[in-house]
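An overview of the molecular structure
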Amino acid sequence: MIWTPHVTVAAVAEENGRFLLVEEVVDGRRCFNQPAGHWDPGETLLQAVVRETLEETGHLFRPEYLTGIYHWEYPAKNLTYLRFAFGGHLGTRDTSRALDAGIIGPVWLTPEEMAARAGEMRSVMVQRCMADYRAGQRYPLELLHMV
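Now for a quick tour of the structure. Predicted model only: the values in this text are computed from it and were never measured.

**Thoughts on the overall build of the protein chain**
- Along the protein chain, the regular secondary structure elements total three helices and eight strands.
- Seen in sequence order, the protein chain has helices and strands lined up from the N terminus as β-β-β-β-β-α-β-β-β-α-α.
- Scaling as 2.2 N^0.38, a compact globule of 147 residues should have a C-alpha radius of gyration of about 15 Å, and the protein chain matches this with 15 Å.
- Across its three principal directions, the C-alpha atoms of the protein chain cover 40 × 35 × 35 Å.
- Classification of the 147 residues of the protein chain by burial places 45% in the buried group.
- Entry remark: accessible area of the protein chain is about 8200 Å², with carbon and sulfur atoms responsible for 55%.
- With 14 positive and 19 negative side-chain charges, the protein chain shows a separation of 3 Å between the mean positions of the two kinds.

**Brief notes about the environment of Leu-45**
- Position of Leu-45 among the secondary structure elements: in helix H1 (residues 45-57).
- Here the alpha-carbon distance between Leu-45 and His-145, two residues 100 residues apart in the chain, equals 9.8 Å.
- Ignoring any residue separated from it by four or fewer positions in sequence, one finds Leu-45 in contact with Val-7, Val-9, Trp-39, Phe-84, Phe-86 and Leu-144.

**Observations regarding the packing of aromatic side chains**
- Under the criterion given, the structure shown has three aromatic pairs.
- Judged by centre distance (5.4 Å) and plane angle (90°), the rings of Phe-19 and Tyr-133 are edge-to-face. Here Tyr-133 lies in helix H3 (residues 124-134) and Phe-19 lies in strand S3 (residues 18-26), a separation of 114 residues in the sequence. Each of the two residues, Phe-19 as well as Tyr-133, counts as buried.
- Summarising the aromatic geometry, the rings of Trp-72 and Tyr-74 are spaced 5.0 Å apart at their centres and angled 20° between planes, so their arrangement reads as stacked.
- Residue classification places Tyr-74 among the partly exposed positions, given a relative accessible area of 24%.

**Section: the pairing of strand S7 (residues 79-93)**
- Sheet topology note: the strand S1 (residues 6-12)/S7 ladder contains seven bridges and is parallel. Each residue of the ladder has a partner; that of Ala-10, found in S7, is Ala-85.
- Where strand S6 (residues 59-74) lies against S7, 13 bridges are found, and the strand directions are antiparallel. Residue Glu-73 lies in a different strand from S7, and its bridge partner there is Thr-80.
- The antiparallel hairpin formed by S6 and S7 contains four residues in its connecting segment, where Asn-78 sits at a positive phi of about 55°.

**Observations regarding the pattern of salt bridges**
- Evaluated as defined, the whole model comprises 11 salt bridges.
- Among the ionic pairs, Glu-23 bridges to Arg-30, the shortest N-O distance being 2.8 Å.
- Using a relative accessible area of 52% as the deciding quantity, one classes Arg-30 as exposed.
- Note that Arg-51 and Glu-55 form a salt bridge whose closest N and O atoms lie 3.2 Å from each other. Placement of the pair is Arg-51 and Glu-55 together in helix H1, with a separation of four residues, close to one helical turn. Like Arg-51, the residue Glu-55 is buried in the burial classification.
- Each of the salt bridges in this network shares a partner with another, and the network as a whole consists of Asp-40, Glu-43, Arg-51, Glu-52 and Glu-55.

Conventions adopted
- Residues numbered from 1 in each chain as written.
- Predicted model: local features only at pLDDT ≥ 70, side-chain atom pairs only at ≥ 80, totals over all residues.
- Heavy atoms only, no water.
- Helix = DSSP H or I, 4+ residues; strand = E, 2+ residues; numbered from the N terminus.
- Rg over C-alpha atoms; globule rule 2.2 N^0.38 Å.
- Buried < 20%, exposed > 50% of the residue type's maximum accessible area, 1.4 Å probe, protein only.
- Areas by Shrake-Rupley, 256 points an atom, 1.4 Å probe, with all protein chains shown as cover.
- Lys, Arg positive; Asp, Glu negative; His and termini not counted.
- Charge placed at Lys NZ, Arg CZ, Asp CG, Glu CD.
- Contact = heavy atoms within 4.5 Å.
- Phe/Tyr/Trp six-rings, centres within 6.5 Å; stacked < 30°, edge-to-face > 60°.
- Pairing = 2+ DSSP bridges.
- Salt bridge = Lys/Arg side-chain N within 4 Å of Asp/Glu carboxyl O.

Now the structure itself:
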């Protein structure tokens with residue numbers, strides 16, 4: 001068997017000192033995550049983060065830079081994740097759009113509120129992506145090539 005990591009994308013969006021998160025139910029547990037999900041066959045990473053943000057929040061997302069690439073081992077399920085996090089800007093929210101199954105809805109939290117609720121984050125990647133964004137980590141999208 002060939003080992004294959006789960007490649008995911010995440011959107012980091014800030015407005016007025018608050019970060020867009022998604023409240024969701026995963027394995028029977030309510031938690032918070034950036035708008036995020038798996039990279040699907042036939043799409044670019046940028047298309048994936050736009051799609052996932054729309055499906056989970058109803059917002060159009062315009063990625064402007066790569067915030068970081070994250071490797072996380074999830075021992076409870078023996079899974080490995082490779083996350084590409086993108087920073088960018090949101091369009092208006094389409095409140096008539098149905099959100100993905102398991103999604104409760106979008107939530108805006110400050111970094112302090114996120115820290116106070118650290119145990120409710122879906123994984124350690126949520127706060128790490130936000131911390132890197134706040135530290136000014138910005139990498140050009142031109143790093144990503146589709147050949």
